[in-house]
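Results of the structural survey
Chain by chain, the residues:
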Amino acid sequence: MSENTTQQTRTSQSATSTDTASAEQDILDLAREKVLERGEGLSQPEIVRAMTISDDRIDELLALAHEVRLRWCGDAVEAEGIISLKTGGCPEDCHFCAQSGLFESPVRSAWLDIPALVEAAKQTAKTGATEFCIVAAVKGPDERLMSQLEEAIAAIKAEVDIEVAASIGILTKEQVERLAKAGVHRYNHNLETAKSYFPHVVTTHSWEKRRETCEMVRDAGMEVCCGGIVGMGETVEQRAEFAAQLAELRPDEVPMNFLDPRPGTPFANRPVMESNEALKTIGAFRLALPKTILRFAGGRELTLGDLGAEKGLLGGINAIIVGNYLTTLGRPQETDVDMLNRLHLPIKALNATV
């Protein structure tokens, strides 16, 4: 290689490095003006730029995301407990889920009775949590499940001062109306991942069917809780696509799960997402969804640990699930409450401002 060629290569590499640094600075400057000042979420290409910021600037990204959260959502954190009404035996093939009846997982089918649901709601309320979500592993509810849920909601509301949410799969319009009448405050139905990656995650139903349920829920006057799982093998571009598609749907709440590979599932051997990548995702999601409740959900303990969880709560997250998840262990409820107190983050019910 000639001296001139070598010099040109070095110059090109230097220019590329400078351009990259400039682009990174530009995306934070852009986000400060667009998201922090005007409350407008980043576009999909801009989300990619935020998600690919260099590791040594993660703290800057998270600090800006925290400013956005304080500006548009306030300093409070909403705590929620979840309980599984029906566990296991689901006919769907969601590749991350140990509750699918199609996989050789250790989860077995079980039903809770109404007194057990009421007691779980009471224990959740004692932590200061303001939301209690009842979940069932089904494609969609049959009449037995609908009737039991309606009865459970009435029993909980009679004894516990807590909002009741539900997540029981794909709904018909009539079922949506029944849940709204029963007093469901917020309905969870995750898109799970980007539309372009969804066929790699689920084959027994469509991404569009999930979105349709979310739209019916909003039309019926319930709040929409819709998020998904990151770290399932999607590209950064698809992760940004997912954030942009959620922003287009305008959910009141977005639960952020990180893949916790479950034995017996098709994703059992997927690697755990690296903590820096997870933190970039959190910051970028806040910049994409400035006014939305962004909730820490499953997998945060494995992916981030205690320090990472604190960074997330000071980097855009403003809601948290306390206690255990559906088929995986979380942390003791008191531990998360202590963490929030240590960070001087008050617990209270939230309503999204989108």
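Residues numbered from 1 in each chain as written. Predicted model: local features only at pLDDT ≥ 70, side-chain atom pairs only at ≥ 80, totals over all residues. Heavy atoms only, no water.

Where an unreviewed UniProt entry is consulted, the protein chain appears under the name Biotin synthase, with the organism given as Corynebacterium pseudokroppenstedtii. Taken verbatim from the UniProt record of the protein chain, the Pathway (unreviewed entry) comment is "Cofactor biosynthesis; biotin biosynthesis; biotin from 7,8-diaminononanoate: step 2/2." UniProt annotates the protein chain under Function (unreviewed entry) with the comment "Catalyzes the conversion of dethiobiotin (DTB) to biotin by the insertion of a sulfur atom into dethiobiotin via a radical-based mechanism." (UniProt positions renumbered as here; feature names shortened; annotations may be inferred.)

UniProt records the feature "binding site: [2Fe-2S] cluster" (unreviewed entry) at Cys133, Cys225 and Arg295, using the numbering of this structure. Spatial clustering of the annotated residues is evident: they stretch over 163 residues in sequence, but the largest pairwise C-alpha distance comes to 13.3 Å. One can find Cys133 in strand S3 (residues 131–136). Not counting the four nearest positions on each side in its chain, Cys133 is found in contact with Glu80, Gly81, Ile82, Ile83, Ala165, Ala166 and Ser167. Among the secondary structure elements, Arg295 is positioned in strand S9 (residues 293–296). Overall, Arg295 belongs to the buried group, its relative accessible area being 0%. Ignoring sequence-local partners within four residues, the contact set of Arg295 consists of Glu78, Ala79, Glu80, Arg186, Glu253, Val254, Pro255, Met256, Ile317, Ala319, Ile320 and Ile321. (Helix = DSSP H or I, 4+ residues; strand = E, 2+ residues; numbered from the N terminus. Contact = heavy atoms within 4.5 Å. Buried < 20%, exposed > 50% of the residue type's maximum accessible area, 1.4 Å probe, protein only.)

Burial of S3 is extensive: 6 of the 6 residues sit out of reach of the surface. Judged by which residues are buried, S3 turns out to be covered on both faces: Glu131, Cys133 and Val135 on one side and Phe132, Ile134 and Ala136 on the other are all buried. Pairing geometry for strand S1 (residues 78–87) and S3, over 6 bridges, is parallel. Bridge pairing in S3 places Ile83 opposite Ile134. Bridge count for S3 against strand S4 (residues 163–167) is 5 bridges, and the pairing is parallel. Its bridge partner lying in S4, Phe132 is registered against Val164. For the crossover that starts at S3, traverses helix H5 (residues 143–159) and ends in the parallel S4, the hand is right-handed. (Pairing = 2+ DSSP bridges. Right-handed = clockwise from strand over helix to strand, strands pointing away.)

Attention now goes to the UniProt feature "binding site: [4Fe-4S] cluster" (unreviewed entry) in the protein chain. In the UniProt entry, the feature "binding site: [4Fe-4S] cluster" (unreviewed entry) is given for Cys90, Cys94 and Cys97. Mapped onto the fold, Cys90 is located in the loop between S1 and strand S2 (110–111).

Considering all chains together, one arrives at 28 salt bridges under this definition. A salt bridge links Lys311 to Asp59; the shortest N-O distance between them is 3.7 Å. Here Lys311, found in helix H10 (residues 300–313), pairs with Asp59, found in helix H3 (residues 58–73); they are 252 residues apart in sequence, far enough to count as distant. By relative accessible area, which is 32% here, Lys311 ends up partly exposed. Residue Asp59 is classed as exposed on the basis of its relative accessible area of 51%. (Salt bridge = Lys/Arg side-chain N within 4 Å of Asp/Glu carboxyl O.)

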